[in-house]
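Take a look at the letters that make up each chain.
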Amino acid sequence: MTVPAVAAKPVACSASAETGVLVSQILPVSIGRLLEGSSVESERIEFKASWEPATTGHQVLKTICAFANDYHNLNGGYIVIGVRERGGRAILPPCGVDPEQIEAAQRWIRGQCNRFVPDYHPILSPEVMNGRHVLVVWVPASDMRPHQAPDGDAGGRKFWIRLGSETIDTSKKGMVRTLVEQSSRVAWDERQATDASIADMRESKVREYLRDVDSGLFDEPSLPDVYRRMRLTRKINDHEIPRNVGLLLFSEDPTLWYPGARIEVAQFADGTAGDVQEEHVFGGTLTEQVRSCLRHLQSLSGTHVIKRPDQPQVQGWVSYPLRAVRESLVNAIYHRSYQPSVPTPTKVYLYPSHMEIISYPGPVPGVEREHFLPRARIPPVPARNQRIGEFLKELKLAEGRLTGLRKVFKDLEANGSAPPGFDFDDNRSYFRVTLPAHPEYSAIIALRDAAQLRALGGRNNAVLRIEGAWEANPGSGVLATELIRLFSDRGNLGKAEQVFDEFKRHGSTAALPHVANTLIESLLDAGLSKKARVILNELPEVTRGQDAINSAIMARRLKDLRRAHYYFEQAGDLVNSDPRSMHEFAQAKLDSARKACRDRDRITNRKLLSESRQLLERVLQYEAPPIRHAWAWRDLARTLYWQRESFGSVEEAYEQAIHLLPEETRFVRELKELREQQAACPTRANHRANGRKRR
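Computed from a predicted model, the values in this text were never measured in an experiment. (Residues numbered from 1 in each chain as written. Predicted model: local features only at pLDDT ≥ 70, side-chain atom pairs only at ≥ 80, totals over all residues. Heavy atoms only, no water.)

(A) Looking closely at a positive patch on the surface. There is a patch of like positive charges on the surface, built from Arg 600, Arg 602, Arg 606 and Arg 644. Among the secondary structure elements, Arg 600 is positioned in the loop between helix H22 (579-598) and helix H23 (602-621). (Patch = residues over 30% accessible without salt bridge, like charges linked within 9 Å, V, L, I, M, F, W, Y side chains within 5 Å. Areas by Shrake-Rupley, 256 points an atom, 1.4 Å probe, with all protein chains shown as cover. Salt bridge = Lys/Arg side-chain N within 4 Å of Asp/Glu carboxyl O. Lys, Arg positive; Asp, Glu negative; His and termini not counted. Charge placed at Lys NZ, Arg CZ, Asp CG, Glu CD. Helix = DSSP H or I, 4+ residues; strand = E, 2+ residues; numbered from the N terminus.)

(B) Layout of the sheet that holds strand E4 (residues 77-81). Spatially, E3-E4-E8-E7 is the arrangement adopted by the 4 strands of the open sheet, whose pairing is mixed. Bordering the open sheet on either side are strand E3 (45-48) and strand E7 (123-129), each of which pairs with just one other strand. Averaged over neighbouring strand pairs, the angle between their axes works out to 20 degrees when direction is ignored. Across 4 bridges, the pairing between E3 and E4 is parallel. For Glu 46, the partnering residue across the bridge sits in E4 and is Ile 79. Of the strands in this sheet, E3, E4 and strand E8 (132-139) are in contact with helix H3 (residues 53-69), which crosses E4 at around 165 degrees. Its contacts with the sheet put helix H4 (residues 99-113) on E7 and E8, and the angle it makes with E8 is roughly 15 degrees. (Pairing = 2+ DSSP bridges. Axes fitted to C-alpha atoms, helices over the stretch in contact; angles between N-to-C directions. Contact = heavy atoms within 4.5 Å.)

(C) Geometry of helix H26 (residues 665-680). With 16 residues, H26 extends 23 Å from end C-alpha to end C-alpha; this agrees with the ideal 22 Å at 1.5 Å per step. Of all the residues in H26, the buried ones are Phe 667, Glu 670, Leu 671, Leu 674 and Gln 677. All buried residues of H26 project into a common sector of 125 degrees when viewed along the axis, lining one side. For H26, exposure combined with an orientation more than 90 degrees from the buried face picks out Thr 665, Lys 672, Ala 679 and Ala 680. (Expected span 1.5 Å × (residues − 1). Buried < 20%, exposed > 50% of the residue type's maximum accessible area, 1.4 Å probe, protein only. Arc of directions from axis to C-beta.)

(D) How the structure looks around the sheet that holds strand E10 (residues 157-163). In space, the 3 strands of this open sheet follow the order E9-E10-E11, with antiparallel pairing throughout. Both edges of this open sheet fall to strand E9 (148-150) and strand E11 (166-169), since each of them pairs with a single strand only. On average, each strand axis in the sheet is inclined to that of its neighbour by 55 degrees, with strand direction left out of account. In this structure, E10 lies alongside E11, joined through 4 bridges in antiparallel fashion. Across the sheet, residue Arg 162 finds its bridge partner in E11, namely Thr 167. Sitting on the sheet, H3 is in contact with E9, E10 and E11, with an inclination near 70 degrees to E10.

(E) Just the state of the cysteines, in detail. Under the counting rule described, the total for this entry stands at 0 disulfides. Cys 113 carries a free sulfur, and the closest cysteine sulfur to it, the one in Cys 65, is 9.4 Å from it. (Disulfide = S-S within 2.5 Å.)

(F) Representation of helix H25 (residues 647-660) within the structure. Helix length check: H25, at 14 residues, gives a terminal C-alpha distance of 20 Å against a target of 20 Å (1.5 Å per residue), a fit within 8%. Listing the buried residues of H25 in full gives Phe 647, Val 650, Ala 653, Tyr 654 and Ala 657. For H25, the buried positions fall inside an angular range of 125 degrees around the axis, keeping them on one side. Buried residues belonging to H25 abut helix H24 (626-642) and H26.

(G) Local environment of the packing of H24 against H26. With their axes 11 Å apart at the nearest point, H24 and H26 run at an angle of 15 degrees to one another. Taken together, the axes of H24 and H26 lie roughly parallel to each other. In the packing of H24 onto H26, the handedness of the crossing is left-handed. Each of Ala 630, Trp 631, Arg 634, Arg 638 and Tyr 641 in H24 lies in contact with H26, whose residues at this interface are Arg 666, Phe 667, Glu 670, Leu 674 and Gln 677. (Parallel < 35°, antiparallel > 145°, perpendicular 65-115°, else oblique. Left-handed = near helix turned anticlockwise from the far one by under 90°.)

(H) Region of the structure containing the packing of aromatic side chains. Counting across every chain of the model gives 18 aromatic pairs. When the ring of Phe 268 is compared with that of Tyr 351, the centres are 4.8 Å apart and the planes differ by 15 degrees; the resulting orientation is stacked. With Phe 268 in strand E14 (residues 263-268) and Tyr 351 in the loop between strand E18 (346-350) and strand E19 (354-359), this residue pair connects regions lying 83 residues apart in the sequence. In terms of burial, Phe 268 and Tyr 351 fall into one category: buried. Judged by centre distance (5.1 Å) and plane angle (40 degrees), the ring pair of Phe 372 and Phe 431 falls under tilted. Residue Phe 372 is found in the loop between E19 and helix H12 (386-394), and its partner Phe 431 is found in strand E21 (residues 431-436); the two are separated by 59 residues along the sequence. Members of the aromatic cluster, each reached through a chain of ring pairs, are Phe 372, Phe 409, Phe 422, Phe 424 and Phe 431. Above the face of the Tyr 338 ring, Arg 336 is positioned so that its terminal group lies 5.1 Å from the ring centre. For Arg 369, the ring lying beneath its charged end belongs to Phe 424, and the centroid distance is 4.6 Å. (Phe/Tyr/Trp six-rings, centres within 6.5 Å; stacked < 30°, edge-to-face > 60°. Lys NZ or Arg CZ within 6 Å of the ring centre and 35° of its normal.)

(I) Structural detail: the environment of Glu 521. When you line up the elements, Glu 521 lands in helix H18 (residues 512-525). We classify Glu 521 as partly exposed; its relative accessible area is 38%. Once the C-alpha coordinates of Glu 521 and Arg 485 are considered, the two residues, 36 residues apart in sequence, prove to be 9.6 Å apart. Setting aside chain neighbours within four positions, we find Glu 521 in contact with Met 554 and Arg 557.

(J) Representation of the pattern of salt bridges within the structure. For the structure on display, the rule yields 46 salt bridges. With a closest N to O distance of 2.6 Å, Glu 670 and Arg 634 form a salt bridge. A residue pair is termed long-range when its members are at least 10 positions apart, and Glu 670 in helix H26 and Arg 634 in helix H24 qualify at 36 residues. A salt bridge links Glu 651 to Arg 675; its shortest N-O distance comes to 2.7 Å. Of the two residues, Glu 651 sits in helix H25 while Arg 675 sits in helix H26, which places them 24 residues apart along the sequence.

Purely spatial values, then, with no claim about function.
Take a look at the structure:
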């Protein structure tokens, strides 16, 4: 089938609001997206800044022939006249050409294309962008290839093909025979589905697609014309029948013709021998399958977010980077076979440690295992389903020319996950992508399983579940922390210390403070302050966020005031967002103020007392439990007393503390002692109290 019947029909047009010139609306994608290169690969677009029949014209003819011959099965291409280029990319806004030149160019191209053997006519689409007129020559791959086009006005006809961004003469490269052999094989997704009718495609799905890609065809009232211009149908004798790509993307249930056109997802409990916890089947059009499956996988993916107070961006990790999952799943849908002889669906297997995406069969000949290594390049062999890939790229689901492979490696590395795996058997009966989960994801799964076991009364089994997961991943900070807590609660601090030592050998430096603080707290609760101090001294100097706050609190409990103050300062603004952290920091400053007083360093003493007062007053402004506010009032009372504020304000602060926590006898006793001192020596009581250590 040739394209002239499509090009020769009157097309739906709209008038440019700026110039009133008629603008055709027949492209399957908007002119903006085409020129921006967001949906079509650069090797499928050629730009011409101006129109001149003697030069530009003959170059355009050769490129039309090359795109029509579609040597690499890329589904043709586009020539845009009126746009400059740099490095294969359009320079925007377009320079444009005069409307009169566009009319002349269309007449010339139509006339010269009659010289093609066999006959071929591209689709010509005048467009307006940024008030500038351009001509888009849309050249779909021909069903009658290979074609020959003249080499200039007097030159003979030659076979032209595209290699990368160049149009070349096949006779000079010795590729004529290869082109003829290649052209004899029509891509499967382009073939007609003889056992279906165009009624099996749903207009609503086609219109939805055209709206999503911002195509002018959305407003075309004639549905048969829309199908022909989108090349979803093919004329056989006197009637139209759908192509395979049309049924796969726009029918209600493609499995009626293609049994493998669905996605099955299975989630396993633990390892390949584990029970299947959950199964889902995703059907509908290929795009509906992909979107529904991605939403499901995203809902299962855990997210761990850390907001560093000293950095504007949020840091953290996810179970699986969504873009890596999307690229892997879309490539499976894009490159698998949908022929009835391959009925096995695309499969997604979810294990605690990794995800597998399996499609059938394996890669096309010419793609080998070494092409899936990091920084390797996939050779430009003909794709199995180029039309399917084109639609997926228009919807921004797929990348062009397998560039998504590099993004899979990059995103997994950025997430802190292991590299992906790609494998297939010697018979190429399957292709499997393995995406490792983030190391801590399996830890979270183990904690979830343990929580379920504890809820069912299996406390020992819960501990064994976490121990087993930790032995498989001793570098997990999440598992190490939980095990240290479990062993400490059971009084087995020796085992808790062994877990910490093992983590130091295998875990990351970034997670060390969190794990260490857990053990330090357990040792302090057990009265083993010497061991706790040894571990505190091993902590890295640079510690951020909540880990820095916890390290500061542990240092204060160990009476290491210098280190406590240092870690609080490293926590930065995070301290000021949490009442407990502010209160702990204020208490550390009070302890340091007493030491400065004993050392007769009055300047430091006054400075620390002032800073402590500010923190305590801020704590009282925040919402917090009554016990927190009670102790903050008590510490504020002492600060005011040492700052030699009026004794009435000191009494008022103590009374607030007593009101909030009446069962705390220490508040009453301290207030009574201060009143007695005030009564005995009003002028010296404050001075004596300043150096007095109170608890």
